[in-house]
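# Chains, contacts and geometry: an overview
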Amino acid sequence: MFSEHKNDSDGKRILMFSQRNIYDKFHFRCYLSEFEDLICQMDSVELLCPKPMERFKYGTRIAQKLAADYSIAFNPGIPKQKVAKDYDLFFAFCLWPRDLLHIESIVDWENCSKFSVCWLTEVWLSDIHASRYYLDILSKFDLVVMNLSSSVKAVNEVIGDKAFFMPLGIDCVLFCPYPNPPQRLIDMYSIGRRSEITHNKLLKMSEKNNIFYVYDSIASHLIIDSTQHRQLFANMAKRSKYFMVNPGKVDSPDEVTVQSEIGNRFFEGIAAGTIMVGEHPQTEVFKDIFYWPDAVVNLPFDSEDIDLIFSEFGKDPERQEEVRRKNIIESLQKHDWLYRWEVILQRAGLKPMPGFFERKDVLDDLCKLAQEKE
């Protein structure tokens, strides 16, 4: 059984495969939906968002087992679809290698476009061996974008030098505090993985020093609406003085071994103009991207010395404002999703469309506002 995917409007040059209807309630995938939405605003896109069948709940486990142990492709429960026309670019988002199985539900997807790109967010070195079958699927793409710089070489050894590193991005317009900067009433904002030692110290400070500390209090991956979740997150970040950051999976060293990678928190923090506090990845890539002083104020993981940072910066309001402004400007000039899409278009041999330049004008205007505050 399969359905035929029809293009309802002529002239769409991008076919984008989205996992949003498969994993629509998982908060850690929201930033990918954010990027997809912006691509749709900037370009001419046909969005392909299959909805899983009921058997997907148990079919996923079977599919992953067969792929890992026997290199067998088993559809976990994604309806098969035929694409009705040719596109200039086929673009697919995958958070993890196992997401690639879902792309196989598109009949003959390799021949539906002139060029194909897969954006693969996470494949850790420790997972490469177990992911070899998924990487065989990945090798069918013309180009692979990876967000973990240390894994690119190992993946290319499997798929044939098609992968390259590109950092994550951010919706700078959403996260930017300009043109009407709100008052920063939140002293520290911490979301996601954290050090319990630092967390407990901040709890004590919130009790004794009357700081406003905002943190996760519910252990759940599920959300009600991805767009509203990002809006709330951005509004909280824009109202925060300090923002906790750390390398990806910093609290799971057994999973990452020696890898130290840049997570999306760093891009969210600078876009909102916060002072980022925590450990930074020990890589040259990080130093190249976040090169300016105080881009991340160093606080070793599991440190109790967060009060010293509050004290140091509290005595120097000018330094605070300088850090915030620099973070915002760097983000607007280099790290909006627009710049990531620009690279993909260049690699695919495509020119940006009018929506791209309209967004670029908005970013430039916001950047001028930030620079005028100097």
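Scroll up to find the structure.
My aim in this report is to walk through the structure given alongside it, one point at a time. As the structure is a prediction and not an experimental result, all values here were calculated from the model.

## Notes on empty space enclosed by the protein
By the definition in use, this model includes 2 cavities of 30 Å³ or more. Considered as a void within the structure, the largest cavity measures approximately 70 Å³ in volume. Taken as a whole, the second largest cavity holds about 40 Å³ of empty space. Surrounding the second largest cavity, Tyr23, Thr60, Gln64, Pro76, Arg98, Asp99, Leu101 and His102 form its lining. Listing elements by their share of the lining of the second largest cavity, those giving two or more residues are α2 (56-70) and α3 (100-103).

## Topic: the sheet that holds strand β11 (residues 213-215)
The parallel open sheet is built from 5 strands, whose spatial order is β11-β10-β12-β13-β14. Looking at strand neighbours, the two that pair on one side only are β11 and β14 (297-298), the edges of this open sheet. By the bridge criterion, 2 bridges tie strand β13 (residues 275-278) to β14 in an arrangement that is parallel. Opposite glycine 278, over in β14, you have asparagine 298 as the bridge partner.

## Focus on the sheet that holds strand β9 (residues 163-165)
Strand order in the open sheet made by the 6 strands is β3-β2-β5-β7-β8-β9, with parallel pairing throughout. Where the open sheet ends on each side, the last strands, each with one partner, are β3 (45-48) and β9. Each adjacent strand pair in this sheet contributes to an overall mean axis angle of 20 degrees, direction not counted. As paired elements, strand β2 (residues 14-17) and β3 share 4 bridges and run parallel to each other. Within β3, the position partnered with phenylalanine 17 by the bridge is leucine 48.

## Regarding the layout of surface pockets
Here the largest pocket defines a volume of roughly 1500 Å³. His27, Ile191, Gly192, Asp216 and Arg265 are the residues nearest the centre of the largest pocket, which is lined by 49 residues in total. Residue assignment for the lining of the largest pocket shows that the elements contributing at least two residues are α1 (30-42), β10 (186-190), β11, α8 (226-238), β12 (240-245) and α10 (265-271). If you tally residues by element for the lining of the largest pocket, the top one is α8, at 6 residues. Looking at the lining of the largest pocket, its residues break down into 24 nonpolar, 14 polar and 11 charged.

## Here's the deal with the pairing of strand β7 (residues 113-120)
The buried fraction of β7 amounts to 7 of the 8 residues, a majority that puts the element mostly inside the structure. Traced from β7 through helix α4 (residues 132-138) to strand β8 (residues 143-146), the parallel crossover comes out right-handed.

## Things to note about the packing of aromatic side chains
If you walk through the whole model with that rule in mind, you get 26 aromatic pairs. Look at tyrosine 291 and tryptophan 292: their rings are 5.3 Å apart centre to centre, the planes differ by 85 degrees, and that puts the pair in the edge-to-face class. These aromatic residues form a ring-pair network of at least three members: Phe35, Phe91, Phe93, Trp119, Trp337 and Trp341. We note lysine 85 situated over the ring of tyrosine 87; from NZ or CZ to the ring centre the distance is 4.7 Å.

## A word on the pattern of salt bridges
Evaluation of the coordinates by the stated rule reveals 23 salt bridges. Notably, a salt bridge pairs arginine 194 with glutamate 196, separated by 3.2 Å at the nearest N-O pair. The partly exposed category is assigned to arginine 194, whose relative accessible area is 22%. The network of salt bridges with shared partners includes Glu34, Arg230, Arg265 and Glu268.

The rules behind the values
Residues numbered from 1 in each chain as written. Predicted model: local features only at pLDDT ≥ 70, side-chain atom pairs only at ≥ 80, totals over all residues. Heavy atoms only, no water. 1 Å grid on protein atoms, 1.4 Å probe; cavity = no way out; pocket = protein on both sides within 12 Å on 5 of 7 lines; lining within 4 Å. Points joined across faces, edges and corners; volume = space filled by probe spheres on them. Helix = DSSP H or I, 4+ residues; strand = E, 2+ residues; numbered from the N terminus. Pairing = 2+ DSSP bridges. Axes fitted to C-alpha atoms, helices over the stretch in contact; angles between N-to-C directions. Nonpolar A, V, L, I, M, F, W, Y, C, P; charged D, E, K, R; others polar. Buried < 20%, exposed > 50% of the residue type's maximum accessible area, 1.4 Å probe, protein only. Right-handed = clockwise from strand over helix to strand, strands pointing away. Phe/Tyr/Trp six-rings, centres within 6.5 Å; stacked < 30°, edge-to-face > 60°. Lys NZ or Arg CZ within 6 Å of the ring centre and 35° of its normal. Salt bridge = Lys/Arg side-chain N within 4 Å of Asp/Glu carboxyl O.

That is the geometry; function is a separate question.
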